[in-house]
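# Observations on the model geometry
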Amino acid sequence: GMAAPPLLRAMIFITLSHLVQAGLLHPQDSESRETKQLGGLWRFRADFDGEGYAQKWQATLPEPTLQMPVPCSYNDLTQDVRLRDMVGVV
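How each quantity is defined
Residues numbered from 1 in each chain as written. Predicted model: local features only at pLDDT ≥ 70, side-chain atom pairs only at ≥ 80, totals over all residues. Heavy atoms only, no water. Helix = DSSP H or I, 4+ residues; strand = E, 2+ residues; numbered from the N terminus. Buried < 20%, exposed > 50% of the residue type's maximum accessible area, 1.4 Å probe, protein only. Contact = heavy atoms within 4.5 Å. Areas by Shrake-Rupley, 256 points an atom, 1.4 Å probe, with all protein chains shown as cover. Core = buried A, V, L, I, M, F, W, Y, C linked by side-chain atoms within 4.5 Å. pLDDT = per-residue confidence, 0-100. Salt bridge = Lys/Arg side-chain N within 4 Å of Asp/Glu carboxyl O.

## Structural notes on the overall build of the protein chain
Along its length, the protein chain carries two helices and two strands. Secondary structure elements of the protein chain, listed N to C terminal, follow the sequence α-β-β-α. Put simply, the protein chain has 90 residues, and 14% of those count as buried. Considering only intrachain contacts with a sequence separation of at least 6, the fraction spanning at least 24 residues in the protein chain is 43%. Split by element, the accessible area of the protein chain, about 7,700 Å² in all, is 60% carbon and sulfur.

Here it is as structure tokens:
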């Protein structure tokens, strides 16, 4: 496709900036929606063998676990090559 002309790109950016400042692009609490802050340290374990659901890790996460800051990119926080290259359930 063809790229938008610079003036149009600038207008789109300004419009999006105003929407963000007005809070229109962020979740807001209402009668039907409650936002939750999930940031902090979480117990973390990668499911390398795909056995977590069957073993009900969601109810009780077995050791060993790592303390992982949320939000983060877990692939970048350890020296473990398996974790760095992992794509899957954690």
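## As for the nonpolar core
In terms of nonpolar packing, the biggest core is built from six residues, these being Phe 44, Ala 46, Met 68, Tyr 74, Leu 83 and Met 86. Beyond its immediate stretch of four places on either side in the chain, Tyr 74 contacts Phe 44, Met 68, Leu 83, Met 86, Gly 88 and Val 90.

## What about the confidence of the model for the protein chain?
Averaged over the protein chain, the pLDDT score is 82; the fraction of residues at 70 or greater is 80%. Ranking the helices and strands of the protein chain by mean pLDDT puts strand β1 (residues 40–44) first, with 92, and helix α1 (residues 6–21) last, with 68.

## Things to note about the pattern of salt bridges
Summed over all chains, the structure comprises three salt bridges. Arg 84 is paired through a salt bridge with Asp 85; the nearest N and O atoms lie 3.0 Å apart.

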